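Residues per chain, in single letters:
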Amino acid sequence: MPFPGPLPEPPLAARAGTGELRIGVLAFRGAERAAGEWEPTLRHLAVQLPEYRLRAVPLDLGGLAEAVRTESVDFVITNPGQYVELEAAFGIVRIASLAAAPDALPARMVASAVVARAARQDLRRLDDVRGTRLAAVAPEAFGGYRVAWRELAERGIDPGNDTAELVFMGFPMERIVDAVASGDADVGIVRACLLEQMAAEGRLRLEDFRVLDARLTPGSPCQVSTRAYPDWPFAKLAHTSDRLAKRVALALLAMPGTEGYAWTVPVDYQPVHELFRALKLGPYEYLRHRSLSQILHDNWPWLVIASLAALWWVVHVARVEYLVRRRTEDLKAAHEEARRHREEMEHGARLALLGEMASSLAHEINQPLAAIANYASGCQRRLAAGTDPEGVADGVLRIAGQAERAAGIVKRMRAFVRKRVPEPQILDLAEPVRDALGLFQASAARRGIAVTARLPTGLPPVRADRIQMEQVVLNLLQNAADAMAGLATRRLTMMVGAGEGGVGVAVADTGPGLSPEARQHLFEPFFTTKPEGLGLGLSLSRTIVEAHGGRLWAEDGAEGGAVFRFTLPVADAEALP
Ligand code: ADP
């Protein structure tokens, strides 16, 4: 394809129809100075671009950003910090950068001096800024704040939180130097070379001030507290045509060095990006808002540990709960087992008691049976004679009476030895005592024991299991009888009565009394002094009485022998039927 030949020149005018070319400049030392400072550049451009009317528009940081946003300027000259921000936000592009002329003073340099009065001996290093009253230009100022902020941040100092006060004084920057000089601020952050410039203008004496952590950068006479950054750029806006930008760039590069500076090819602003990244500002502000996935990514070891700990806790709690439940069930089962055992033992003890009395009881049943046989043969005889019908009727009546007597004994025996679960009820304690005596009577008679019983009526009621009470009393009676076996005097006294401790029962005998050993072990299971004894009677009796809320104990009798007593509490009035 043949080369199409020269294209017609498009109009270069930035402001259509006006022929005006507006250059926004950051005025860090006030509008007048800014105009003066950039005057040689504008004059040069005016010569090189004669068809334009050139105008420098001095603006502060906010004004300059607004001018770029509204495209009311075509080019900007600003500090590297603002350049990086506007580049990211509005796509401005640098076409040239400033380069300091090495021989000139004050030289241009992008760095900051953190200054204090020389008289303040306590303020020598950047670390000393902690806790001071600090003055700076503005939160978004580059040389007037952020460059120093980065250095402080690297020392663990957050100017917003770790100083006594942080005051932003705005442009012009000389205000900060004045505030430090007057003592209104302890420390001030200013652009590098400002002190030297002011000294050259005769506005201060350098020896009255100290630059904290002062260092010199090769090629510059200015003392600074921070690293140096690339110098200011000359940038075109997005709407400014490339052709116009090229002409301006060519003109700038051709401009001879003047008043301490010259224009050169655009430099790399990466160090400025690093600063923004370190402070998480401008284009890197998103670094402050960390996403959930980033937090997970950064903290996964801790999250894993926390999750494991939580898991362990859940498992632990579940295990403890399981164990508690299982042990509770075991305990319940053990209680149930113990209860069953006790019932079995009580039952066994009752059988044993009755067994001891078996021959007496058999004898007692035999008596009515013999009487019945007697009456029956009498009746037979009378019937055969056929003479005495009344006599026969009387005999039959007696037979019935004797049969009832035998049946009563058998009934009591059966009730006593039946396997059963205790059933406490409201009763008169004299009743089971009477039943026990009924069962014991025959045995006592056979063994020649004189039994005296005092069973008053109208005792206060107790809440008790009838058969268990009968068992306790029968056991005491049997023990008393055993103690008196073979002795000349065999008297047993049985008393029931009401007193302070409730309703009480006492069984006194005329036996040998309690030996010291018996006194000590009486109520222990399996303690016995009898060849055929089980040693369970008293321990079971005490358990039964205590389960009813009562007490069982032994005393020495008044006429020798032993007295066994037990009491039960009177039943609650509310519990009465
Ligand atoms: P066991 O009658 O089978 O021996 P107990 O527990 O009823 O079991 O009695 C334990 C022991 O207490 C008896 O062996 C006896 O030594 C003593 N004891 C019980 N009652 C009396 C009593 N009235 N007089 C003297 N000793 C007694």
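Preceding this paragraph is the structure being described.
Residues numbered from 1 in each chain as written. Predicted model: local features only at pLDDT ≥ 70, side-chain atom pairs only at ≥ 80, totals over all residues. Heavy atoms only, no water.

Draft legend 1. Spatial organisation of the state of the cysteines. Summed over the entire model, instances satisfying the criterion amount to one disulfide. Each sulfur in the disulfide pair C193 and C222 lies 1.9 Å from the other. Torsion about the S-S bond of the C193 and C222 cystine: about 110 degrees, corresponding to right-handed handedness. With a gap of 29 residues between them, C193 in the loop between β8 (187-191) and α7 (194-200) and C222 in the loop between β10 (215-216) and β11 (223-224) connect regions that are remote in the sequence. Each member of the pair, C193 as well as C222, carries the same accessibility label: buried. (Disulfide = S-S within 2.5 Å. Helix = DSSP H or I, 4+ residues; strand = E, 2+ residues; numbered from the N terminus. Buried < 20%, exposed > 50% of the residue type's maximum accessible area, 1.4 Å probe, protein only.)

Draft legend 2. The arrangement of the sheet that holds strand β6 (residues 133-136) in detail. In spatial order, the strands read β7-β6-β8-β5-β9; together these five strands make up an open sheet with mixed pairing. Strands with a single pairing partner mark the edges of an open sheet, and in this sheet they are β7 (165-168) and β9 (209-211). This sheet shows a mean twist of 30 degrees between the axes of neighbouring strands, independent of strand direction. Where β6 meets β8, two bridges bridge the pair, whose relative direction is parallel. The residue of β8 that forms the bridge with A135 is G188. Docked against the sheet, helix α4 (residues 142-154) engages β5 (112-117), β6, β7 and β8, running at close to 115 degrees with respect to β8. Packing against the sheet, helix α6 (residues 174-182) makes contact with β5, β6, β8 and β9, and its axis sits at approximately 155 degrees to β8. (Pairing = 2+ DSSP bridges. Axes fitted to C-alpha atoms, helices over the stretch in contact; angles between N-to-C directions. Contact = heavy atoms within 4.5 Å.)

Draft legend 3. Local environment of the pattern of salt bridges. Across all of its chains, the model carries 38 salt bridges by this definition. A salt bridge links R130 to D162; the shortest N-O distance between them is 4.0 Å. You can see R130 sitting in the loop between β5 and β6 and its partner D162 sitting in helix α5 (residues 159-162), a full 32 residues away along the chain. We classify D162 as partly exposed; its relative accessible area is 24%. Of the charged contacts, one joins D482 and K530 as a salt bridge, the two residues approaching to 3.0 Å between their closest N and O atoms. Here D482 is found in helix α13 (residues 466-483), whereas its partner K530 is found in the loop between α14 (516-521) and α15 (537-547), with 48 residues between them in sequence. (Salt bridge = Lys/Arg side-chain N within 4 Å of Asp/Glu carboxyl O.)

Draft legend 4. Looking closely at the packing of helix α11 (residues 389-417) against helix α12 (residues 430-446). The geometry of α11 relative to α12 is characterised by a closest axis approach of 10 Å and an angle of 115 degrees between their N-to-C directions. Compared by their axis directions, α11 and α12 come out roughly perpendicular. Regarding α11 and α12, the two cross each other, and that crossing is left-handed. Touching R412, M413 and F416 of α11 are D435, G438 and L439, all from α12. Per-class residue counts for the contact of α11 with α12 are three nonpolar, one polar and two charged. (Parallel < 35°, antiparallel > 145°, perpendicular 65-115°, else oblique. Left-handed = near helix turned anticlockwise from the far one by under 90°. Nonpolar A, V, L, I, M, F, W, Y, C, P; charged D, E, K, R; others polar.)

Draft legend 5. Highlighting the site of the ligand. Around the ligand sit 19 residues, and of these T528, T529, K530, G535 and L538 come closest. A distance of 2.9 Å separates an oxygen atom of the ligand from a polar atom in the side chain of N479. At 2.9 Å from an oxygen atom of the ligand is found a main-chain nitrogen or oxygen belonging to G535. Notes on the ligand: free accessible area 540 Å², of which the protein chains cover 91%. Top element by residues in the shell around the ligand is α13. It accounts for three residues. Its residues assigned to classes, the shell around the ligand comprises nine nonpolar, eight polar and two charged. (Near = heavy atom within 4 Å. Polar contact = N/O pair within 3.5 Å; in protein donor to acceptor, adjacent residues only side chain to side chain. Areas by Shrake-Rupley, 256 points an atom, 1.4 Å probe, with all protein chains shown as cover.)

Draft legend 6. Main features of the sheet that holds strand β20 (residues 562-568). Spatial strand order, β15-β17-β18-β20-β19: five strands in an open sheet with mixed pairing. The open sheet has two edge strands, β15 (450-454) and β19 (551-556), and neither has a second partner. Averaged over all adjacent pairs, the angle separating strand axes in this sheet is 15 degrees, with direction ignored. Strands in contact with α13 are β17 (491-499), β18 (502-509) and β20; relative to β20, the strand with the most contacts, it is inclined by about 175 degrees.

Draft legend 7. How the structure looks around the packing of helix α10 (residues 292-385) against α13. The contact between α10 and α13 brings their axes to 11 Å, and the two run at 45 degrees. Viewed along their axes, α10 and α13 adopt a mutual orientation that is oblique. Remark: the crossing between α10 and α13 carries left-handed chirality. Residue-level contacts link E346, A349, R350, L353, E356 and M357 of α10 to I467, Q468, Q471, L474, N475, Q478 and D482 of α13.

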